[in-house]
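# Summary of the model geometry
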Amino acid sequence: MRPASHLLMLLSLTLLASSCRDEQAGPKPRNKALPPPAQARVLDAAPADLTWRSGATFAGGAVRYLGTRLSPPVAVPGQQVQLAHYFEALRPMPQGWEFFVHVVDPASGQMMVNADHAFAGGAAPLGSWPVGKVVEDVHTVPMPPSPGQVVLGFWQGDSRLPVDDPNAHRGDNRMLGPQLGGAAPSLPEYTVRRAPKAPVIDGELDDAVWKDAAPVVLHGSFDGRPVSLRTEARLAYDDQNLYVAFDVEDPDIWGTLRKRDDPIYEQEVVEIFLDANADGRTYNEMQVSPHNVNFDAYFPARRKGMDLSWDSGMTTAVKVRGTLDNPEDRDEGWRVEMKIPFARLAEVPHVPPQKGERWRFNLYRLEHVKRQQVEGQAFSPLFVGDFHALPRFGWLVFE
């Protein structure tokens, strides 16, 4: 598992990086409970106007999830959506189980909204439900920037109440509920041009290849919003290598890590992720810091089996326009050039890539504003707090 701020930008581009735990590892920190109502609402049957019907059960048929009513059924990003959930206890349940509700990315399962709260505002914990009756829980969540999948269930300590039907969850005992929103945002494409002559890897970005390559400006990694400091990138290729250039605006250029494969992603860095065969599993991650420290890793699956022994064979150079590690002056920025051999990358379909070949990729920058607040930037916004969200990678199209 890779630590760092990549997992912490859930709903903000300016949160402090302070944890190494994958947000899917287990029950999450609880949100403040809603004010308890006078009493829990108990019904003989679920309402007829449910927008999502389930019928799946927990714990060997002990509890049935009947479904949820969304209001409004379709919302715009940021709009409050009311969710009314309906459950039925089919036999008595023990005390101590608490309720959780998450909104996750439908493709990757990564957290978008943590909407955990006490069931019915604390008035109806699971162990108190009358057998054979329907109990109601009502709460609101903000519509995320892109469509989300509601998942819900019950937790105690480090365990979740088992979901009986394997098709009703993702293997994590979070029962599948309704979806929020419509179609996912489209994925951006970058057409990479063949370089007649390879650039000199010196960080200057004055070679003819960069004048011919199309520039792309990175945006907020979570939802594509404008960022405080500009980052421009370009790509090119030839028969042996992929070339990547970053031009970074930065008033305070710094970094304390000096060794190869140090966790430079915890400081200031530019990055490229490449899924060459676009299978959504195997991919490579390569990073460069302002001190020209390199990090590279191979992943056989999303966030699993990180292999730091893999060597990309890349050549990099950095040109700093300012003074490194001096917070007292104002710097202009830094430029990066990367030469990445195709032959070292995972699952490359063809070397060299064929005309029209399409890879999945993303470009990133992590900026620590005033060395405190993390600002993530990306070529393709992720809409989840995870730079490894492969379904949100853009397309790299070889000209």
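Residues numbered from 1 in each chain as written. Predicted model: local features only at pLDDT ≥ 70, side-chain atom pairs only at ≥ 80, totals over all residues. Heavy atoms only, no water.

All told, the structure shown has two cavities of 30 Å³ or more when counted by the stated rule. Considering only residue class, the lining of the largest cavity consists of four nonpolar, three polar and one charged. Estimates place the volume of the second largest cavity at around 30 Å³. L70, P72, P73, V74, A75, V81, L180 and G181 are the residues that line the second largest cavity. Grouping the constituent residues of the lining of the second largest cavity by class yields seven nonpolar, one polar and no charged. (1 Å grid on protein atoms, 1.4 Å probe; cavity = no way out; pocket = protein on both sides within 12 Å on 5 of 7 lines; lining within 4 Å. Points joined across faces, edges and corners; volume = space filled by probe spheres on them. Nonpolar A, V, L, I, M, F, W, Y, C, P; charged D, E, K, R; others polar.)

Glancing now at the confidence of the model for the chain. In this model, the chain carries a mean pLDDT of 90, and residues with pLDDT of at least 70 account for 90%. Taken together, the stretch residues 1-38 has pLDDT below 50 and engages in 116 contacts with residues farther than four places along the chain or on a different chain. (pLDDT = per-residue confidence, 0-100. Contact = heavy atoms within 4.5 Å.)

Attention now moves to the UniProt feature "domain: Carbohydrate-binding" (unreviewed entry) in the chain. When the UniProt feature table is mapped onto this chain numbering, "domain: Carbohydrate-binding" (unreviewed entry) sits at residues 201-345. End C-alpha to end C-alpha, residues 201-345 measures 19 Å, and it is 3% helix and 38% strand. (UniProt positions renumbered as here; feature names shortened; annotations may be inferred. Helix = DSSP H or I, 4+ residues; strand = E, 2+ residues; numbered from the N terminus.)

Another point: the pattern of salt bridges. In this structure the tally under the stated criterion is 24 salt bridges. The residue E88 makes a salt bridge to R64 at a minimum N-O spacing of 3.3 Å. Placement of the pair is E88 in strand β5 (residues 80-89) and R64 in strand β4 (residues 63-71), with a sequence separation of 24 residues. (Salt bridge = Lys/Arg side-chain N within 4 Å of Asp/Glu carboxyl O.)

Structurally, T231 is set in strand β15 (residues 231-237). Judged by its relative accessible area of 0%, T231 falls in the buried class. Taking the C-alpha atoms as reference, T231 lies 8.1 Å from Q377; in sequence the two are 146 residues apart. Setting aside its immediate chain neighbours within four residues, T231 contacts V216, V217, L218, F246, D247, V248, R365 and Q377. Here R365 takes part through its side chain, which lies 2.8 Å from a polar atom of the side chain of T231. Here Q377 takes part through its side chain, which lies 2.7 Å from a polar atom of the side chain of T231. (Buried < 20%, exposed > 50% of the residue type's maximum accessible area, 1.4 Å probe, protein only. Polar contact = N/O pair within 3.5 Å; in protein donor to acceptor, adjacent residues only side chain to side chain.)

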